[in-house]
Amino acid sequence: MNVEYAIWGKSPKNIDNEYLLVTEIPTKDKAKEIEQKLINNWGCFETRIQEIDFSGNVTEDFIKTIQPNKKENQ
């Protein structure tokens, strides 16, 4: 499977809008590690990890990609 991960969230510099914080993360474990650093070291909040699957049906995968998932650790 050709998958990468991205992290979205809010930062102390702009508390009202969600932004793409990090992209091109190769594994979910690495994404969780980076997410914790963003929260603990940079004060980011309301973060979420997006899984982007580049294989399979482009239309179905795109719809799954843009639908936000609930954060597992909340």
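This one's a predicted model, so the numbers in the text were calculated from it and none came from an experiment.

Draft legend 1. Molecular detail of the environment of Lys 28. Relative to the assigned elements, Lys 28 resides in helix H1 (residues 28–42). Residue classification places Lys 28 among the partly exposed positions, given a relative accessible area of 30%. Sequence spacing of Lys 28 and Tyr 5 is 23 residues, and the spatial spacing of their C-alpha atoms is 6.6 Å.

Draft legend 2. Examining the confidence of the model for the protein chain more closely. Averaged over every residue, the pLDDT of the protein chain is 86; the share at 70 or more is 73%. Confidence, expressed as mean pLDDT per element, reaches its minimum in the protein chain at helix H2 (residues 58–66) with 63 and its maximum at H1 with 98.

Draft legend 3. Fine view of the environment of Tyr 19. By the element assignment, Tyr 19 lies in strand S2 (residues 14–25). Sequence-wise, Tyr 19 and Gly 9 are ten residues apart; in three dimensions their C-alpha atoms are separated by 5.5 Å. When near neighbours in sequence (up to four residues on either side) are disregarded, Tyr 19 contacts Ile 7, Trp 8, Gly 9 and Asn 14. Within the structure, Tyr 19 has its side chain in polar contact with the side chain of Asn 14 (distance 2.9 Å).

Cut-off values and rules
Residues numbered from 1 in each chain as written. Predicted model: local features only at pLDDT ≥ 70, side-chain atom pairs only at ≥ 80, totals over all residues. Heavy atoms only, no water. Helix = DSSP H or I, 4+ residues; strand = E, 2+ residues; numbered from the N terminus. Buried < 20%, exposed > 50% of the residue type's maximum accessible area, 1.4 Å probe, protein only. pLDDT = per-residue confidence, 0-100. Contact = heavy atoms within 4.5 Å. Polar contact = N/O pair within 3.5 Å; in protein donor to acceptor, adjacent residues only side chain to side chain.

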